[in-house]
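Commentary on secondary and tertiary structure
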Amino acid sequence: MTDVPWDDSNWRQEFKESRHLSKLQLEILENGPRSLSQSWMLGAMHGQWREMKGYKYPEPPDCQSTYKDFCQEFFDD
């Protein structure tokens with residue numbers, strides 16, 4: 001998702017200042033992840049930052065349709 005309604009360009013610094021972090025968490029925030037599990041940790045920290053700030057992704061649009069709607073679209077004679 002690219003159009004988020006908030007600016008998270010400096011989220012790592014804000015997150016570091018907001019709580020006490022382990023050495024591993026600080027390492028990941030400062031130097032980036034070096035493995036898949038570290039990228040999961042970074043994603044979890046970003047999620048905690050969003051929750052702390054009260055940011056939420058917008059709900060996706062409802063794209064469901066019924067079989068009847070589908071048939072009417074193609075076989076409406």
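An account of the accompanying structure is given in this report. All values reported here derive from a predicted model rather than from experimental measurement.

**Remarks on the packing of aromatic side chains**
- For the structure shown, the criterion picks out three aromatic pairs.
- What links up through ring pairs into an aromatic cluster is the set W11, F15, W49 and Y55.

**Some points on the pattern of salt bridges**
- Enumeration according to the criterion identifies two salt bridges in this entry.
- A salt bridge links K53 to E14; the nearest nitrogen and oxygen atoms lie 3.3 Å apart. With K53 in helix α3 (residues 36–53) and E14 in helix α1 (residues 11–18), this pair connects stretches of sequence that are 39 residues apart.
- Residue class for K53 comes out partly exposed when judged on its relative accessible area of 40%.
- A salt bridge links K16 to E30, with the shortest nitrogen-to-oxygen separation between them at 3.6 Å. Taken as a pair, K16 in helix α1 and E30 in helix α2 (residues 23–31) lie far apart in primary sequence, 14 residues in all.

**Observations regarding α3**
- An ideal rise of 1.5 Å per residue puts 26 Å on 18 residues; α3 measures up with 26 Å between its terminal C-alpha atoms.
- Within α3, the full set of buried residues consists of Q38, L42, M45, H46, W49 and R50. When α3 is viewed along its axis, its buried side chains cluster within an angular range of 145 degrees and face the same direction. α3 presents L36, W40 and E51 as exposed residues on the side facing more than 90 degrees away from its buried surface.
- Immediately downstream of α3, the backbone of G54 shows phi near 85 degrees, a positive value.

**Quick look at the packing of α1 against α2**
- Here α1 crosses α2 at 160 degrees, and the two axes come no closer than 10 Å. Regarding the angle of α1 to α2, the classification is roughly antiparallel. Where α1 crosses over α2, the two elements pack in a sense that is left-handed. Residues W11, R12, F15 and K16 of α1 lie in contact with α2, whose contacting residues are L26, I28, L29 and E30.
- Within the contact of α1 with α2, the residues separate by chemical class into five nonpolar, no polar and three charged.

**Points about the state of the cysteines**
- This structure, assessed with the given rule, holds zero disulfides.
- Free of any disulfide, C63 has its nearest neighbouring cysteine sulfur in C71, separated by 19 Å.

**What about the nonpolar core?**
- Counting residues in each nonpolar core, the largest one holds nine residues, listed as W6, W11, F15, L21, I28, L29, L42, M45 and W49.
- Every element with two or more residues in this core is listed here: α1, α2 and α3.
- When residues of this core are assigned to their parent elements, the largest contribution, three residues, is made by α3.
- Aside from chain neighbours lying at most four places away, what touches I28 is R12, P33, Q38, M41, L42 and M45.

Quick notes on the rules
Just so you know, the residues in each chain are numbered from 1, in the order the chain's sequence is written. A pLDDT threshold of at least 70 governs which residues receive local features in this predicted model, and a stricter bar of 80 or more applies before side-chain atom pairs are shown or counted, although totals over entire chains, interfaces and linings include all residues. For the side-chain quantities, the full set of heavy atoms in the structure was used; hydrogens and water were omitted. In this analysis, rings of Phe, Tyr and Trp, with Trp reduced to its six-membered ring, are considered paired at centre separations within 6.5 Å, and the interplanar angle assigns stacked below 30 degrees, edge-to-face beyond 60, and tilted for intermediate values. Any carboxyl oxygen of Asp or Glu within 4 Å of a side-chain nitrogen of Lys or Arg constitutes a salt bridge here. Here a strand is any run of E in DSSP of at least two residues, a helix any run of H or I of at least four, and the numbering for each starts at the N terminus. Buried, partly exposed and exposed residues are distinguished by accessible area as a fraction of the type maximum, computed with a 1.4 Å probe on protein chains only: under 20%, between the cut-offs, and over 50%, respectively. Any helix carries an expected span of 1.5 Å times its number of residues minus one. Throughout, the arc means the angular range of directions from the helix axis out to the C-beta atoms. Inter-axis angles, ranging from 0 to 180 degrees, are taken between N-to-C directions of lines fitted to C-alpha atoms, where helices are fitted over the stretch in contact. The labels follow the angle: roughly parallel below 35 degrees, roughly antiparallel above 145, roughly perpendicular from 65 to 115, and oblique for the rest. Two helices cross in a left-handed way if the nearer one is turned anticlockwise from the farther one by less than a right angle. They cross in a right-handed way if the turn is clockwise. Contacts are residue-level and defined by heavy atoms, with any inter-residue pair within 4.5 Å sufficient. Any residue outside Ala, Val, Leu, Ile, Met, Phe, Trp, Tyr, Cys, Pro, Asp, Glu, Lys and Arg is labelled polar, Gly included; the first ten of those are nonpolar and the last four are charged. Cysteine sulfur atoms are paired as a disulfide whenever they fall within 2.5 Å. In these notes, a set of buried Ala, Val, Leu, Ile, Met, Phe, Trp, Tyr and Cys residues joined through side-chain atoms within 4.5 Å is what counts as a nonpolar core.

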